[in-house]
Amino acid sequence: KAPASYIPILNNFATTTSIMTTTMKRFTTALIAALIIGGCGTEKVQAQRKGEFSLGARMTQYFRAKTFALGIYGNYGITRWLDIEPGINFLCKDNSSVDIYCDLHLLLEVAETCYIYPIAGIGLSDMSSESLGFDGWSFSGALGAGFNYRLNRRLTTSIQCKWIAQTAHRHRNPVSLSLGIEYAF
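The following paragraphs examine the structure supplied in this document.

About the cut-offs
Residues numbered from 1 in each chain as written. Predicted model: local features only at pLDDT ≥ 70, side-chain atom pairs only at ≥ 80, totals over all residues. Heavy atoms only, no water. Phe/Tyr/Trp six-rings, centres within 6.5 Å; stacked < 30°, edge-to-face > 60°. Lys NZ or Arg CZ within 6 Å of the ring centre and 35° of its normal. Buried < 20%, exposed > 50% of the residue type's maximum accessible area, 1.4 Å probe, protein only. Helix = DSSP H or I, 4+ residues; strand = E, 2+ residues; numbered from the N terminus. Pairing = 2+ DSSP bridges.

Summed over the entire model, instances satisfying the criterion amount to two aromatic pairs. An aromatic cluster is built from F53, Y183 and F185, whose rings are joined through pairwise contacts. The positively charged end of R58 is found above the aromatic ring belonging to Y73, 3.9 Å away from the centroid. Of note, K162 hangs over the ring of Y101, and the distance from its end group to the ring centre comes to 4.4 Å.

Structure representation (structure tokens):
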């Protein structure tokens with residue numbers, strides 16, 4: 001039996017898990033289908049090049065905030081080893097809000113098609129129509145790590161984990177886990 005101090009944590013985990021179950025299953029199924037379809041391509045996979053631009057969609061679970069988000073982002077290769085990624089996440093909770101961010105990725109090649117990277121970024125968090133004044137949103141900074149796998153010349157999948165520090169005292173500093181897929185132009 002869990003100690004009494006752990007019961008609120010376990011209840012929060014159960015609530016978050018039930019909200020995420022259906023949505024995460026659908027997203028994971030779509031991601032696996034993209035991996036299978038993308039893996040069937042015959043094009044030679046190439047490393048990301050300087051000047052390459054891609055657009056992507058991402059699903060993010062915010063653990064301390066007990067919510068998840070759907071987002072879109074752009075990725076631009078500044079150099080062969082440095083990317084910039086601006087994006088926007090639409091949080092799916094009772095009082096929905098928007099997070100706008102811009103991250104830098106330092107790409108470290110693991111294999112011809114795989115990269116790991118540290119993440120550093122800044123953003124504006126918890127912006128909503130109710131919080132257009134200075135008291136309702138916060139500046140944020142993010143640190144984390146990610147992994148990219150290029151399926152073919154155009155499709156890349158990613159997984160990221162970030163800790164997001166927010167300036168507003170009423171906001172918890174969430175840890176986020178994201179799954180995404182992007183298309184390179």
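Next comes the rest of the write-up.
Turning to the pairing of strand β2 (residues 67–77), a few remarks are in order. The element β2 is largely enclosed, with a buried count of eight among its eleven residues. Note: strand β1 (residues 53–62) against β2, ten bridges, orientation antiparallel. When the bridges of β2 are listed, F53 appears paired with Y76. As consecutive antiparallel partners, β1 and β2 are separated by four residues, and within that stretch K66 has a phi angle of approximately 55°, a positive value. When β2 meets strand β3 (residues 82–92), the two strands line up antiparallel, connected through eight bridges. The partner of A69 across the bridge, within β3, is L91. Connecting β2 to the next strand, β3, in antiparallel fashion are four residues.

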